[in-house]
Amino acid sequence: MDKDNNKSNKRFLFMVLSFCLILIFLVLIGFKKFLNKGEKVIEKEKHGGNVTLNYSSSFKGISIINAIPTTDSVGMTSTDEEQIFDFSIKVDLDKANSVEYEIYVSKKKNDSSIVDDDIRIYLEKEKSGTYTKLIDPTNFKSMKKNPKLEVKEESMLLTKVEKEKSGTDNYRLKMWLADTSLIQNGSYSIEVNVVGKAK
């Protein structure tokens, strides 16, 4: 009789222990799921918009060769195709409320024999079919490298624009040798670039 009681007790103990172990296991799984609940991250790639630089010439900038000193008044009104670069910036808004873009020019060192201080840069923007002054004629001033905006060294920021609607902006860039230059001729080359970001 005692043997039967012992076997029954052992079976009962085994069942209770098994049940407790299963219960602990289920509690641990539930607790882990609860802790991990806040860690779920859903990543969505949001396409804000596009900024495109368009131009029709073979080179996206200006290269002046054998430049002669020129006054600002003459340089600003010049129609010499070698000193002018027409380009447009097209903005397509997608999911962004606005897009900000920056226009800058980069000096091409190998094609430039004139010092930066002797170079004049002038930018116009088209309004109602006419190009009007956007920035005054200014010497080329290179800024520090900006890896965040992928701006190269030997670059100069021309303007910053914020667009809240899709559309195209037309620009005209001019460059000449300053009339204060002590050299009588030389060469200088710049390339136009645009960097944009959606907001």
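Everything below is about the structure printed above this text.
This report concerns the structure included in the present document. Everything numeric here is computed off the predicted structure, so don't read it as measured data.

## Structural notes on the packing of aromatic side chains
Phase 1 of the analysis: Scanning the entire structure with this criterion turns up 5 aromatic pairs.
Phase 2 of the analysis: Pairing Phe140 with Tyr188 gives two aromatic rings, centres 6.0 Å apart and planes at 65 degrees, and the pair type is edge-to-face. Linking Phe140 in the loop between strand S7 (130-139) and strand S8 (155-163) with Tyr188 in strand S10 (residues 188-198), this pair joins segments that are 48 residues apart in sequence.
Phase 3 of the analysis: Here the aromatic cluster, defined as three or more aromatic residues joined through ring pairs, consists of Tyr55, Phe85, Phe87 and Tyr171.

## Describing the environment of Lys163
Phase 1 of the analysis: With respect to the element layout, Lys163 can be found in strand S8.
Phase 2 of the analysis: Placed 71 residues apart in sequence, Lys163 and Asp92 show a C-alpha to C-alpha distance of 9.5 Å.
Phase 3 of the analysis: Sequence-distant contacts of Lys163, that is, excluding residues within four places in its chain, are made with Val91, Leu93, Ser98, Val99, Tyr101 and Asp169.
Phase 4 of the analysis: Separated by 3.2 Å, the side chains of Lys163 and Asp169 make a polar contact.

## A short note on the pairing of strand S5 (residues 99-107)
Phase 1 of the analysis: Counting buried residues in S5 gives 9 out of 9 residues, a clear majority hidden from the surface.
Phase 2 of the analysis: In this sheet, S8 lies alongside S5 in antiparallel orientation, the contact comprising 8 bridges. Pairing of Ser106 across the sheet is with Ser155, part of S8.
Phase 3 of the analysis: Inspection of the sheet shows S5 paired to S10 by 9 bridges, in the antiparallel sense. Paired with Val105 across the two strands is Val192, which belongs to S10.

Conventions we followed
- Residues numbered from 1 in each chain as written.
- Predicted model: local features only at pLDDT ≥ 70, side-chain atom pairs only at ≥ 80, totals over all residues.
- Heavy atoms only, no water.
- Phe/Tyr/Trp six-rings, centres within 6.5 Å; stacked < 30°, edge-to-face > 60°.
- Helix = DSSP H or I, 4+ residues; strand = E, 2+ residues; numbered from the N terminus.
- Contact = heavy atoms within 4.5 Å.
- Polar contact = N/O pair within 3.5 Å; in protein donor to acceptor, adjacent residues only side chain to side chain.
- Buried < 20%, exposed > 50% of the residue type's maximum accessible area, 1.4 Å probe, protein only.
- Pairing = 2+ DSSP bridges.

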